[in-house]
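Summary of the model geometry
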Amino acid sequence: MVCHQVFNSLKNLNLDFKVVEKSGRFPEEKTFEFYVGYKDSWHRLLIIKFFHGRQPFYRKWIEIFSISPEIVISEKKYRFLNSEEERKLIECLSRFIDAGERIFIEYIYDVETWKALEMGTPPHLTRLGFMLLENGFTWFKDWYFPEGFMEGNPKIQAEKPVDDIAKNRHLKELCIETSIFAEKAMKFIQQNIYREIFESVYNRIEKILNTMCKNMT
(Lines give C-alpha, C1' and ligand atoms only; values in the text may rest on other atoms or scores of the structure.)
Protein backbone atom coordinates (compact mmCIF):
# COMPACT_ATOMS: atom_id res chain seq x y z
CA MET A 1 0.00 0.00 0.00
CA VAL A 2 1.28 3.47 -0.88
CA CYS A 3 1.62 5.92 2.05
CA HIS A 4 -1.25 4.33 4.03
CA GLN A 5 0.67 4.91 7.28
CA VAL A 6 0.00 8.65 6.97
CA PHE A 7 -3.59 8.01 8.10
CA ASN A 8 -2.83 5.96 11.22
CA SER A 9 -3.68 9.04 13.29
CA LEU A 10 -7.37 8.72 12.31
CA LYS A 11 -7.66 6.03 14.97
CA ASN A 12 -7.34 8.83 17.54
CA LEU A 13 -10.53 10.31 16.07
CA ASN A 14 -12.31 6.93 16.30
CA LEU A 15 -12.35 6.73 12.52
CA ASP A 16 -11.43 3.74 10.40
CA PHE A 17 -9.28 3.80 7.31
CA LYS A 18 -8.62 1.45 4.41
CA VAL A 19 -6.98 1.40 0.99
CA VAL A 20 -8.39 -0.56 -1.94
CA GLU A 21 -5.77 -1.46 -4.54
CA LYS A 22 -6.80 -2.03 -8.16
CA SER A 23 -5.02 -2.76 -11.39
CA GLY A 24 -4.50 0.18 -13.69
CA ARG A 25 -4.82 0.68 -17.43
CA PHE A 26 -1.31 -0.64 -17.99
CA PRO A 27 0.74 -3.38 -16.30
CA GLU A 28 2.94 -0.69 -14.70
CA GLU A 29 0.00 1.27 -13.27
CA LYS A 30 -1.76 0.75 -9.93
CA THR A 31 -4.77 2.58 -8.53
CA PHE A 32 -5.21 3.13 -4.79
CA GLU A 33 -8.56 4.28 -3.42
CA PHE A 34 -8.39 5.73 0.10
CA TYR A 35 -11.49 5.42 2.30
CA VAL A 36 -12.46 6.84 5.70
CA GLY A 37 -15.01 4.89 7.73
CA TYR A 38 -17.14 5.07 10.84
CA LYS A 39 -19.51 2.38 12.13
CA ASP A 40 -19.30 0.36 8.92
CA SER A 41 -20.03 3.37 6.72
CA TRP A 42 -17.28 4.25 4.25
CA HIS A 43 -16.63 7.36 2.20
CA ARG A 44 -13.93 7.67 -0.42
CA LEU A 45 -11.34 10.32 0.45
CA LEU A 46 -9.16 10.34 -2.66
CA ILE A 47 -7.64 8.25 -5.45
CA ILE A 48 -3.97 7.83 -6.29
CA LYS A 49 -2.70 6.50 -9.61
CA PHE A 50 0.89 5.26 -9.49
CA PHE A 51 2.67 4.60 -12.78
CA HIS A 52 5.92 2.80 -12.05
CA GLY A 53 7.51 3.73 -15.36
CA ARG A 54 8.49 1.76 -18.43
CA GLN A 55 12.21 2.05 -18.99
CA PRO A 56 13.78 3.40 -21.08
CA PHE A 57 10.72 5.08 -22.59
CA TYR A 58 8.54 6.44 -19.75
CA ARG A 59 9.43 7.78 -16.33
CA LYS A 60 7.45 7.22 -13.15
CA TRP A 61 4.54 9.52 -12.24
CA ILE A 62 1.87 9.84 -9.55
CA GLU A 63 -1.56 11.44 -9.83
CA ILE A 64 -3.90 12.37 -6.95
CA PHE A 65 -7.53 13.14 -7.79
CA SER A 66 -11.19 12.92 -6.68
CA ILE A 67 -10.13 14.46 -3.37
CA SER A 68 -12.79 15.23 -0.76
CA PRO A 69 -11.86 18.29 1.34
CA GLU A 70 -14.16 17.12 4.13
CA ILE A 71 -16.00 13.92 4.96
CA VAL A 72 -19.08 13.70 7.20
CA ILE A 73 -20.24 10.29 8.44
CA SER A 74 -23.15 10.35 10.90
CA GLU A 75 -22.00 12.67 13.70
CA LYS A 76 -18.33 12.36 12.71
CA LYS A 77 -16.56 14.97 10.60
CA TYR A 78 -13.07 14.67 9.13
CA ARG A 79 -11.45 17.58 7.30
CA PHE A 80 -8.59 16.56 5.01
CA LEU A 81 -7.94 20.03 3.57
CA ASN A 82 -5.16 21.77 5.54
CA SER A 83 -4.74 18.71 7.75
CA GLU A 84 -1.54 17.11 8.97
CA GLU A 85 -2.47 14.04 6.90
CA GLU A 86 -2.64 16.11 3.71
CA ARG A 87 0.82 17.55 4.34
CA LYS A 88 2.31 14.17 5.25
CA LEU A 89 0.71 12.49 2.22
CA ILE A 90 2.38 14.95 -0.15
CA GLU A 91 5.68 14.47 1.69
CA CYS A 92 5.35 10.70 1.48
CA LEU A 93 4.41 10.58 -2.20
CA SER A 94 7.20 13.03 -3.04
CA ARG A 95 9.74 10.52 -1.75
CA PHE A 96 8.65 8.08 -4.48
CA ILE A 97 9.43 10.64 -7.19
CA ASP A 98 13.00 10.71 -8.49
CA ALA A 99 14.88 13.15 -10.73
CA GLY A 100 12.96 14.08 -13.87
CA GLU A 101 9.75 12.48 -12.64
CA ARG A 102 6.44 14.17 -11.96
CA ILE A 103 3.37 14.38 -9.78
CA PHE A 104 -0.12 15.65 -10.66
CA ILE A 105 -2.58 16.95 -8.06
CA GLU A 106 -6.18 17.86 -8.88
CA TYR A 107 -6.86 21.14 -7.09
CA ILE A 108 -10.61 21.76 -7.31
CA TYR A 109 -10.97 20.55 -3.70
CA ASP A 110 -8.74 23.43 -2.59
CA VAL A 111 -10.55 26.74 -3.16
CA GLU A 112 -7.52 28.77 -2.03
CA THR A 113 -5.27 27.23 -4.69
CA TRP A 114 -8.03 27.29 -7.31
CA LYS A 115 -8.82 31.00 -6.85
CA ALA A 116 -5.15 31.99 -6.69
CA LEU A 117 -4.46 30.21 -9.99
CA GLU A 118 -7.57 31.72 -11.51
CA MET A 119 -6.14 35.17 -10.71
CA GLY A 120 -2.85 34.39 -12.43
CA THR A 121 -0.75 33.33 -9.46
CA PRO A 122 2.27 31.20 -10.45
CA PRO A 123 1.59 27.60 -9.29
CA HIS A 124 4.55 27.46 -6.88
CA LEU A 125 3.11 30.40 -4.91
CA THR A 126 -0.24 28.68 -4.25
CA ARG A 127 -0.96 26.64 -1.15
CA LEU A 128 -0.60 23.28 -2.93
CA GLY A 129 2.25 24.35 -5.20
CA PHE A 130 4.31 25.68 -2.32
CA MET A 131 4.06 22.34 -0.50
CA LEU A 132 5.42 20.68 -3.63
CA LEU A 133 8.21 23.25 -3.89
CA GLU A 134 9.19 22.45 -0.30
CA ASN A 135 9.39 18.77 -1.27
CA GLY A 136 11.93 19.20 -4.06
CA PHE A 137 9.79 20.01 -7.12
CA THR A 138 11.11 22.91 -9.18
CA TRP A 139 9.10 22.93 -12.43
CA PHE A 140 5.35 23.59 -12.44
CA LYS A 141 2.44 23.73 -14.84
CA ASP A 142 -1.23 24.52 -14.28
CA TRP A 143 -3.43 22.19 -16.34
CA TYR A 144 -6.37 24.57 -16.01
CA PHE A 145 -7.94 23.32 -19.25
CA PRO A 146 -7.32 19.59 -19.80
CA GLU A 147 -6.78 18.83 -23.47
CA GLY A 148 -8.63 15.52 -23.77
CA PHE A 149 -11.37 13.45 -22.21
CA MET A 150 -8.99 11.32 -20.09
CA GLU A 151 -7.13 14.15 -18.28
CA GLY A 152 -9.89 14.81 -15.75
CA ASN A 153 -10.26 18.06 -13.79
CA PRO A 154 -7.75 20.95 -13.55
CA LYS A 155 -4.52 19.95 -11.83
CA ILE A 156 -1.04 21.12 -10.95
CA GLN A 157 1.82 19.24 -12.54
CA ALA A 158 5.16 19.41 -10.72
CA GLU A 159 8.48 17.84 -11.70
CA LYS A 160 11.79 17.27 -9.95
CA PRO A 161 14.90 18.47 -11.79
CA VAL A 162 16.98 15.92 -13.69
CA ASP A 163 20.25 17.30 -12.28
CA ASP A 164 21.79 20.28 -10.44
CA ILE A 165 22.12 22.29 -13.64
CA ALA A 166 18.38 21.96 -14.29
CA LYS A 167 17.62 22.66 -10.63
CA ASN A 168 19.58 25.94 -10.66
CA ARG A 169 17.93 26.97 -13.91
CA HIS A 170 14.46 26.20 -12.58
CA LEU A 171 15.09 28.04 -9.30
CA LYS A 172 16.37 31.14 -11.10
CA GLU A 173 13.21 31.14 -13.22
CA LEU A 174 11.03 30.69 -10.14
CA CYS A 175 12.82 33.52 -8.35
CA ILE A 176 12.28 35.89 -11.28
CA GLU A 177 8.63 34.88 -11.50
CA THR A 178 8.21 35.32 -7.75
CA SER A 179 9.80 38.76 -7.74
CA ILE A 180 7.66 39.95 -10.64
CA PHE A 181 4.41 38.68 -9.09
CA ALA A 182 5.10 40.32 -5.70
CA GLU A 183 3.81 43.70 -6.89
CA LYS A 184 0.64 42.20 -8.34
CA ALA A 185 -0.05 40.23 -5.15
CA MET A 186 0.31 43.41 -3.06
CA LYS A 187 -2.12 45.25 -5.36
CA PHE A 188 -4.69 42.50 -4.85
CA ILE A 189 -4.28 42.87 -1.09
CA GLN A 190 -4.61 46.66 -1.23
CA GLN A 191 -7.69 46.41 -3.44
CA ASN A 192 -9.19 43.80 -1.12
CA ILE A 193 -9.42 41.20 -3.92
CA TYR A 194 -9.35 37.77 -2.27
CA ARG A 195 -7.38 39.53 0.46
CA GLU A 196 -6.86 36.51 2.72
CA ILE A 197 -5.69 34.34 -0.17
CA PHE A 198 -3.19 36.91 -1.43
CA GLU A 199 -1.89 37.68 2.04
CA SER A 200 -0.95 33.99 2.17
CA VAL A 201 0.55 34.23 -1.34
CA TYR A 202 2.59 37.27 -0.30
CA ASN A 203 3.87 35.46 2.79
CA ARG A 204 5.15 32.70 0.49
CA ILE A 205 6.73 35.28 -1.79
CA GLU A 206 8.66 36.78 1.11
CA LYS A 207 9.74 33.37 2.34
CA ILE A 208 11.00 32.31 -1.11
CA LEU A 209 12.80 35.60 -1.81
CA ASN A 210 14.45 35.57 1.63
CA THR A 211 15.58 31.94 1.45
CA MET A 212 16.12 30.11 -1.84
CA CYS A 213 16.38 33.32 -3.89
CA LYS A 214 18.64 35.22 -1.50
CA ASN A 215 21.92 34.19 -3.15
CA MET A 216 20.63 33.81 -6.70
CA THR A 217 22.41 35.92 -9.29
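Residues numbered from 1 in each chain as written. Predicted model: local features only at pLDDT ≥ 70, side-chain atom pairs only at ≥ 80, totals over all residues. Heavy atoms only, no water.

Residues other than glycine seldom take positive phi values, yet C3 does so here, at roughly 60 degrees. Inspection of the secondary structure puts C3 in the segment before β1 (16-23). In this structure C3 comes out as buried when scored by relative accessible area, which is 2%. Notably, K39 is not glycine yet its phi reads approximately 50 degrees, a positive angle. Within the secondary structure, K39 is located in the loop between β2 (29-38) and β3 (41-51). For K39, a relative accessible area of 60% puts it in the exposed group. (Helix = DSSP H or I, 4+ residues; strand = E, 2+ residues; numbered from the N terminus. Buried < 20%, exposed > 50% of the residue type's maximum accessible area, 1.4 Å probe, protein only.)

Glancing now at the packing of helix α1 (residues 84-94) against helix α3 (residues 127-134). Closest axis-to-axis distance for the α1/α3 pair is 9 Å, and the angle between their directions is 45 degrees. Put simply, α1 runs oblique to α3. Crossing angle aside, the handedness with which α1 passes α3 is right-handed. For the pair α1 and α3, contact is made by E86, R87 and I90 and by R127, L128, M131 and L132, respectively. Looking at the contact of α1 with α3, its residues break down into four nonpolar, no polar and three charged. (Axes fitted to C-alpha atoms, helices over the stretch in contact; angles between N-to-C directions. Parallel < 35°, antiparallel > 145°, perpendicular 65-115°, else oblique. Left-handed = near helix turned anticlockwise from the far one by under 90°. Contact = heavy atoms within 4.5 Å. Nonpolar A, V, L, I, M, F, W, Y, C, P; charged D, E, K, R; others polar.)

For the rest of this paragraph, the subject is α3. With seven of eight residues buried, α3 is to be regarded as a mostly interior element. For α3, the full list of buried residues reads R127, L128, G129, F130, M131, L132 and L133. Looking one or two places after α3, you find G136, whose phi comes out positive at around 95 degrees.

Quick look at the confidence of the model for the protein now. Averaged over every residue, the pLDDT of the protein is 93; residues scoring 70 or more account for 95%. Taken element by element, the predicted model of the protein shows its lowest mean pLDDT in β1 (94) and its highest in α3 (98). (pLDDT = per-residue confidence, 0-100.)

A word on the pairing of strand β9 (residues 155-159). Regular strands show a simple pattern: their side chains alternate between the two faces of the sheet. Across the five residues of β9, five count as buried, placing the element largely inside the fold. Here β9 shows a buried face lined by K155, Q157 and E159 and a second buried face lined by I156 and A158. Sheet analysis places strand β8 (residues 139-143) next to β9, joined by five bridges and oriented antiparallel. By the bridge assignment, D142 is partnered in β9 with I156. (Pairing = 2+ DSSP bridges.)

Before going further, it helps to spend a moment on the sheet that holds strand β4 (residues 61-65). Strand order in the open sheet formed by seven strands is β1-β2-β3-β4-β7-β9-β8, and the pairing between neighbours is mixed. Strands at the two margins of the open sheet, each flanked by one partner only, are β1 and β8. Along the sheet, successive strands turn relative to each other by an average axial angle of 20 degrees, direction set aside. Where β1 and β2 come together, eight bridges link them in antiparallel fashion. From the neighbouring strand, F17 faces β2, where its bridge partner is V36. Each of β2, β3, β4 and β7 (102-106) is contacted by α1, which is oriented at about 25 degrees to β3, the strand it contacts most. Contacts from α3 reach β7, β8 and β9, with the element oriented near 15 degrees to β9.

When the terminal C-alpha atoms of helix α5 (residues 195-210) are compared, their 22 Å separation across 16 residues agrees well with the 22 Å that a helix rising 1.5 Å per residue should span. Among all positions of α5, only I197, F198, V201, R204, I205 and I208 are buried. Burial along α5 is one-sided: seen end-on, the buried residues are contained in an arc of 110 degrees. Exposed side chains of α5 directed beyond 90 degrees from the buried face belong to E196 and N210. Among the structural elements, α2 (111-118), α3 and α4 (164-190) are those in contact with the buried residues of α5. (Expected span 1.5 Å × (residues − 1). Arc of directions from axis to C-beta.)

Another aspect to go through is the packing of aromatic side chains. One pass over the structure, following the stated rule, counts ten aromatic pairs. Judged by centre distance (4.6 Å) and plane angle (15 degrees), the ring pair of F7 and F17 falls under stacked. In this pair, F7 sits in the segment before β1 while F17 sits in strand β1, placing the two residues ten residues apart along the sequence. The class for F17 is partly exposed, based on a relative accessible area of 23%. (Phe/Tyr/Trp six-rings, centres within 6.5 Å; stacked < 30°, edge-to-face > 60°.)

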